[in-house]
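Here are the chains, one letter per residue:
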Amino acid sequence: MPGSSAAPPTAPPASRADRVRALATDRLTLRGPLLPILHAVMDEFGWIAEEDLPIIADVLNLSRADVHGVVTFYHDFRRTPPPAHRVQICRGEACQAVGAQGLYEAATDRFADDTTIEVAEVFCLGNCALGPSGTIDGHLLGRLTLDRIDAAAAGWSR
Ligand code: FES
């Protein structure tokens, strides 16, 4: 209708199950499609839900146990929704030599009761000369200290 300013109709958002099936189907022709599918689910949702496994298994004509085995083998595939904030501390050798172990333990203790913050270890971020290295919500930092982590956390609403 001329002059109409009505927005065009939009399709309803796809359910998680529909999206997982589409992500799997889109990668079905890849050689060794399971890992790319799992990475795609991680990229879109941030974690792999238990209910995703039978969908992926169905698309790939695998057993649910096959998919479960791969998901649980790799540490990077989250099985629960991610927390609001994530601190990663490098535990690689160069960072260990400049105090990363103590920093990791102190940060883990500091946020042990805070479900909105996850402290995780990572092994070499390619920032070895500036250790201890880590990330806060994905931002790479060198010369990381507990004070710097505390300063970031102070700005987070919890
Ligand atoms: S060992 Fe920590 S960044 Fe390389």
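Cut-offs used in this document
- Residues numbered from 1 in each chain as written.
- Predicted model: local features only at pLDDT ≥ 70, side-chain atom pairs only at ≥ 80, totals over all residues.
- Heavy atoms only, no water.
- 1 Å grid on protein atoms, 1.4 Å probe; cavity = no way out; pocket = protein on both sides within 12 Å on 5 of 7 lines; lining within 4 Å.
- Points joined across faces, edges and corners; volume = space filled by probe spheres on them.
- Helix = DSSP H or I, 4+ residues; strand = E, 2+ residues; numbered from the N terminus.
- Domains from an automatic or database assignment.
- Axes fitted to C-alpha atoms, helices over the stretch in contact; angles between N-to-C directions.
- Parallel < 35°, antiparallel > 145°, perpendicular 65-115°, else oblique.
- Left-handed = near helix turned anticlockwise from the far one by under 90°.
- Contact = heavy atoms within 4.5 Å.
- Nonpolar A, V, L, I, M, F, W, Y, C, P; charged D, E, K, R; others polar.
- Buried < 20%, exposed > 50% of the residue type's maximum accessible area, 1.4 Å probe, protein only.
- Pairing = 2+ DSSP bridges.

Turning next to the layout of surface pockets. By volume, the largest pocket amounts to about 410 Å³. When residues of the lining of the largest pocket are traced back to their parent elements, those giving at least two are α2 (34-45), β1 (85-90) and β2 (117-122). Per-element accounting of the lining of the largest pocket gives the leading share, four residues, to β2. No fewer than three residues from each of domain 1 (16-73) and domain 2 (85-154) sit in the lining of the largest pocket.

A separate point is the packing of helix α1 (residues 16-26) against α2. Contact geometry for α1 and α2: axes closest at 9 Å, N-to-C directions at 140 degrees. Of the possible angle classes, the one that applies to α1 and α2 is oblique. For the crossing formed where α1 meets α2, the hand is right-handed. Residues Arg16, Arg19, Val20, Leu23 and Ala24 of α1 pack against Ile37, Ala40, Val41, Glu44 and Phe45 of α2. Counted by class, the contact of α1 with α2 contains seven nonpolar, no polar and three charged residues.

Bringing the pairing of β1 into the picture now. Of all six residues that make up β1, five are buried, and the element is covered over most of its length. With six bridges joining them, β1 and β2 adopt parallel strand pairing. Bridging from a neighbouring strand, Arg86 pairs with Glu118 of β2. Pairing geometry for β1 and strand β3 (residues 134-136), over three bridges, is antiparallel. Counted as the bridge partner of Val87 is Ile136 from β3.

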